[in-house]
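Okay, here's what each chain looks like letter by letter:
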Amino acid sequence: MTTMPTSIPPLQDPAAAGREMHALAADLFPICRSITGNGVRETLKRLSALAPMSIREVPTGAPLLDWTAPKEWTIRDAWIKDPSGRKIVDFRASNLHVAGYSIPVRRKIPLAELQQHLHSLPDHPDWIPYRTNYYGEDWGFCLAHRVRSALADGTYEVCIDSTLDAGSLTYGELVLPGAGPGEILVTAHVCHPSLADDNLSGLVVAAFLARHLKDTERRLTLRFLFIPGTIGSIAWLALNETAVSRVRHGLVLACVGDAAPFTYKRSRRGDAPVDRAVAHLLKHRPGGGRLVDFSPYGYDERQFNSPGFNLPVGCLMRSMYGTFPEYHTSADNLDFVKPTSLAESAGLVLDVLDVLENNRRFLNLNPKGEPQLGRRGLYSWIGGQNDKAAAQMALLWVLNLSDGRHSLLDIAERADLPFPAIRNAAAQLQERGLLNEVEEA
Ligand code: ZN
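Being a predicted model, the structure only gives us computed values, none of them experimental.

Cut-offs and rules
Residues numbered from 1 in each chain as written. Predicted model: local features only at pLDDT ≥ 70, side-chain atom pairs only at ≥ 80, totals over all residues. Heavy atoms only, no water. Salt bridge = Lys/Arg side-chain N within 4 Å of Asp/Glu carboxyl O. Helix = DSSP H or I, 4+ residues; strand = E, 2+ residues; numbered from the N terminus. Buried < 20%, exposed > 50% of the residue type's maximum accessible area, 1.4 Å probe, protein only. Donors = N, O, S within 2.8 Å, 3.2 Å for Na, K, Ca; no water. Pairing = 2+ DSSP bridges. Axes fitted to C-alpha atoms, helices over the stretch in contact; angles between N-to-C directions. Contact = heavy atoms within 4.5 Å.

Side note on the pattern of salt bridges
In total, this model carries 29 salt bridges according to the counting rule given. A salt bridge links Arg223 to Glu183; the shortest N-O distance between them is 2.8 Å. One end of the pair, Arg223, is in strand S12 (residues 221-227); the other, Glu183, is in strand S11 (residues 183-189), and 40 residues separate them in sequence. As a salt-bridge pair, Asp354 and Arg423 come within 2.8 Å of each other at their nearest N and O atoms. With Asp354 in helix H10 (residues 339-358) and Arg423 in helix H14 (residues 419-431), this pair connects stretches of sequence that are 69 residues apart. Like Asp354, the residue Arg423 is buried in the burial classification.

Some remarks on unusual backbone geometry
Residue Asn199 follows Asp198 across a cis peptide bond; omega there is 10°. Within the fold, Asn199 resides in helix H5 (residues 196-212). The phi angle at Thr230 is positive, at roughly 65°, despite the residue not being glycine. Mapped onto the secondary structure, Thr230 falls in the loop between S12 and helix H6 (231-239). Unlike most non-glycine residues, His328 shows phi in positive territory, near 55°. Along the chain, His328 turns up in the loop between strand S16 (313-317) and H10.

Notes on the coordination of the zinc ion
Ligation of the zinc ion by protein atoms is provided by His192 (NE2), Asp198 (OD) and His328 (NE2), these donors lying 2.0 to 2.1 Å from the ion. Between the donor residues of the zinc ion, the gaps in sequence give the motif H-x5-D-x129-H. Residue Asp198 is located in helix H5, and its partner His328 is located in the loop between S16 and H10; the two are separated by 130 residues in the primary sequence.

Topic: the sheet that holds strand S10 (residues 168-176)
Judged by pairing direction, the sheet is mixed, and its eight strands sit side by side in the order S1-S10-S12-S11-S13-S16-S14-S15 without closing on themselves. Each edge of the sheet is formed by a strand with only one pairing partner; in this case those strands are strand S1 (54-59) and strand S15 (289-292). For this sheet, the mean angle separating the axes of adjacent strands, direction not counted, is 20°. Across four bridges, the pairing between strand S13 (residues 247-253) and S16 is parallel. In the strand pairing of S16, Gly250 is matched with Val313. In this fold helix H2 (residues 38-48) packs onto S1, S10 and S12, with an angle of close to 15° to the strand it touches most, S10. The strands touched by H6 are S1, S10, S11, S12 and S13; relative to S10, the strand with the most contacts, the crossing angle is about 65°.

Remarks on the sheet that holds strand S17 (residues 361-364)
Two modes of strand pairing occur in sheets, parallel and antiparallel, and in both the strands are linked by backbone hydrogen bonds. An order of S18-S17-S19 is seen for the three strands of this open sheet, with the pairing classed as antiparallel. Only two strands of the sheet have a single neighbouring strand rather than two, namely strand S18 (403-407) and strand S19 (435-437). On average, each strand axis in the sheet is tilted by 35° relative to the strand beside it, whichever way the strands run. Pairing of S17 with S18, which is carried by two bridges, proceeds in the antiparallel orientation.

By themselves, these figures tell us nothing about what the structure is for.
Written as structure tokens, this is what we have:
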């Protein structure tokens, strides 16, 4: 039996990690992504420089649970010219200007008809909203309300040079095998165009973690999915029904780059180990964080937690989808995402993985009375710890609750001590022959 130092190393230099992730987000920012198309392929290709992944292509029309793989969307250009011939909206200035999945159009129309295809935000007149028409064939433009409200009557020329045709749905998958049968799923959606927090933040954190952990020895396999929202998780679930049974824990990463405190949305089960791990870590973290219950709305956790799968997948965010003004607007830009926040988010995910990887159960081999700690050198070990009181209490709690039924996370919660203190105590006790690991059934 080996001892258990964590196999999930923390970030060595969080500031440098944050800068690197932010620079990668800046590189990906201009790409026009959607649920299909070359924007997704280009994004996955660039992420692969950090985290070499398998690129999966699912042909248009393939049956996927109750859905089918959609047509592939290609966008080359889009603009609106006013009655004087001046371009007032230009896709080349911002890819948010064209509603995602817009069908091709080239027409001259009166302002009243054009208005039916425009989207703007009166409360934020300088921001461009983000809109899509994924499942109804239509076209639209998004623009600053200040521009829209200045439009004069007359005939406007509209052009959307797009193709919506048979092709494929693309996603990325990266597996870091562990020694045991269980898996942790880490996913991020790749379908949004020039929006930074939602969800370049999740993509760069996931890719960074994949690189950080690629040479570590773990029991749990780590499976990273870089998928278009909704249809991507449905596609993966449809194509991997056997792999699904190996998923022990999962995290959807979204909006993890802004400066707000953490928000964690629990899995449908509500008390899965991942739910308890995140709650424990947020409780022991300066600044804490907010826990919200599962609801069947949001990101890909909706699909993973559908009743036929019911996978224990939670969603880690900072600002929560739909609840902050910048959400789905041009104000969700590279300034809204902070290098320090990206690094903190990556650090928290590593802490979660540490708990899940090391949340084991032990048997106290000397359960009658307390064993003598001094004789076994444990007092000198306590003396070398930063928090001596916590180290001593951790030893006593691990000895007392290691009856084969309590996991280390159970013990950390009951002792109200940070998980690493409990993990370290268990490692010391195991090394000195006082604990034996209980193999999972
Ligand atoms: Zn979104």
